[in-house]
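# A structural walkthrough
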Amino acid sequence: MVKSEILFLKQEDVIKAGLLDMKQVLAACEKTYQLLGKGEIINHPKVSTRIPDPVNWTSFFNSMPAYIGGDVKVGGIKWACESKKNATTPGIPYGIDIAILSDPDTVLPFCIMDATLITAMRTSAVAGLFAKYTAPKNAKVATLVGAGVIGRTAIMAVNETVPTLETIYLCDLDISKAEGLKKEFEGTCKATIIPSTDTEGCIKKSELIITQTTASKPFLKADWVNKGATVIQMASNEVELDVLRNSDQIFVDYWTQMITNTGKAVTQLYNAGEIKFEDVVELAQLTLGQHPGRKSADETLFCSSMGLGALDIMIGYSMYLNAKKMGLGVTLHQWDNPLWE
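Cut-offs and rules
- Residues numbered from 1 in each chain as written.
- Predicted model: local features only at pLDDT ≥ 70, side-chain atom pairs only at ≥ 80, totals over all residues.
- Heavy atoms only, no water.
- Salt bridge = Lys/Arg side-chain N within 4 Å of Asp/Glu carboxyl O.
- Helix = DSSP H or I, 4+ residues; strand = E, 2+ residues; numbered from the N terminus.
- Buried < 20%, exposed > 50% of the residue type's maximum accessible area, 1.4 Å probe, protein only.
- Pairing = 2+ DSSP bridges.
- Axes fitted to C-alpha atoms, helices over the stretch in contact; angles between N-to-C directions.
- Contact = heavy atoms within 4.5 Å.
- Phe/Tyr/Trp six-rings, centres within 6.5 Å; stacked < 30°, edge-to-face > 60°.
- Lys NZ or Arg CZ within 6 Å of the ring centre and 35° of its normal.
- Core = buried A, V, L, I, M, F, W, Y, C linked by side-chain atoms within 4.5 Å.
- 1 Å grid on protein atoms, 1.4 Å probe; cavity = no way out; pocket = protein on both sides within 12 Å on 5 of 7 lines; lining within 4 Å.
- Points joined across faces, edges and corners; volume = space filled by probe spheres on them.
- Nonpolar A, V, L, I, M, F, W, Y, C, P; charged D, E, K, R; others polar.

### Some remarks on the pattern of salt bridges
Using the criterion set out here, one finds eleven salt bridges in the structure. The salt bridge involving R152 is made with E184; its shortest N-O contact spans 2.8 Å. Highlighted residues: R152 in helix α4 (residues 149–161) and E184 in helix α5 (residues 175–184), separated in sequence by 32 residues. Overall, R152 belongs to the partly exposed group, its relative accessible area being 28%. Residue class for E184 comes out partly exposed when judged on its relative accessible area of 42%. When salt bridges with common partners are traced through the structure, they connect K78, D97, R122 and D312 into a single cluster.

In structure tokens form, the structure reads like this:
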């Protein structure tokens, strides 16, 4: 009889399996984009259920299914959820995610795991990959806007992919959050982290800018961005459209999904007829060496991502394999004997 065993991995198990190793996460993300570019991944755009409605939402549930082929061969889905109420509720994360991994032949689920931190790690890993291919050569000064969870993992990512950085301005309206991260990374980050509330002033001194905020309207203006800088937008509603219009090249993580999100600046220009698919470069092209990324020192570049379910499944599968070797998790059974097989 086929066993219906499911390994359940709580968040602590996933951490023990190596999730906080940014090098490992970066490698998994890079491989994901390479397989995506080779046509070996099926990744449908995420479906979002926003409550009570798409505009005035207070919470949402995102369904993110994917199949990864190549030498991986695993199916899965991430159920990604956020609640604004959680932002002011102690003891509960703003976002709470879970992933299910399934065998593509039998379709039996074989792992259920907390994916909350997977989201945090892979979101910034994508920013790190963009920076790897588009940041100015030997970039020394960066500004990260937002000192929340993604601000933390963004520091981890650029620390790996832009090792020439000497200064990271970490901007947040709540300076105490930025100061907390500075203290947290003392001794482990190659660059000096400088907390600030002066986002405009810091950006004007920077070669690399990464935004990871919950801003409800654009705040980053085109005249803040130096010629030759790279801007990486991780969320929505952060950059004015002229930032894109003034850029020499536009990069996206996955065009098919990007244009489904009307909050993204790239999508707004697409819907206005100002850009089309042929005008952008996908991250897969960079990871496969099909495009050089930055072509010259004086190019101003813009990058934008939404995140893929395939990233979560790839990282989750890596953590599952690690966990199995380490004997982590609890084994569950979907049934003892299936009825009506």
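### Examining the sheet that holds strand β11 (residues 208–211)
Here we have eight strands laid out as an open sheet, ordered β10-β9-β8-β11-β12-β15-β13-β14, and parallel in their pairing. Either end of the sheet is taken by a strand with one partner, and the two such strands are β10 (192–196) and β14 (280–282). Each strand axis lies, on average, 20° off the axis of its neighbour in the sheet, ignoring direction. As paired strands, strand β12 (residues 230–233) and strand β15 (residues 301–304) are joined by four bridges and run parallel to one another. Paired with I232 across the bridge in β15 is C303. Against the sheet, α4 engages β8 (141–145), β9 (167–171), β10 and β11, with an angle of about 155° to β8.

### Concerning the packing of aromatic side chains
Aromatic rings in a pair are described by how distant their centres are and how their planes are angled relative to each other. Going through the model one piece at a time under the given rule, you end up with seven aromatic pairs. Between W57 and F60 the ring centres are 5.1 Å apart and the planes differ by 70°, which places this aromatic pair in the edge-to-face class. Ring geometry for F61 versus W79: centroids 5.5 Å apart, planes at 20°, classification stacked. With F61 in strand β4 (residues 59–68) and W79 in strand β5 (residues 74–83), this pair connects stretches of sequence that are 18 residues apart. Exposure remark for W79: the relative accessible area of 38% places this residue in the partly exposed category. A network of ring pairs unites the aromatic residues F110, Y317 and Y320 as a single cluster. Its guanidinium or amino end placed over the ring of F60, R50 lies 4.8 Å from that ring's centre, counting from NZ or CZ. Note that K84 overlies the ring of W57, its terminal NZ or CZ placed 4.3 Å from the centroid.

### Focus: the nonpolar core
By size, the foremost hydrophobic cluster in this structure holds 75 residues, and its most contacted members are I68, L101, M113, L208 and I232. When residues no more than four places from it in sequence are discounted, the contact partners of L101 are V74, G75, G76, L108, P109, F110, C111, M113, I313, G316, Y317 and Y320.

### Some words on the layout of surface pockets
By volume, the second largest pocket is sized at about 190 Å³. Considering the residues around the second largest pocket, the lining is formed by K3, E5, I6, L7, L108, P109, F110, Y320, K324 and T331. At the level of secondary structure, the elements contributing two or more residues to the lining of the second largest pocket comprise β1 (5–9), β7 (109–114) and α11 (309–326). Partitioning the lining of the second largest pocket into residue classes produces six nonpolar, one polar and three charged.

### Considering empty space enclosed by the protein
In the structure shown here, the tally under the stated rule is one cavity of 30 Å³ or more. Size it by volume and the largest cavity reaches roughly 40 Å³. Among the residues forming the lining of the largest cavity, the class breakdown is seven nonpolar, one polar and one charged.

### Some remarks on the pairing of strand β13 (residues 249–252)
Burial of β13 is two-sided: the residues Q249 and F251 facing one way and the residues I250 and V252 facing the other way are all buried. Note: β13 against β15, four bridges, orientation parallel. Note that in β15 the partner of Q249 across the bridge is L301. Pairing between β13 and β14: three bridges, direction parallel. Paired with V252 across the two strands is E282, which belongs to β14.

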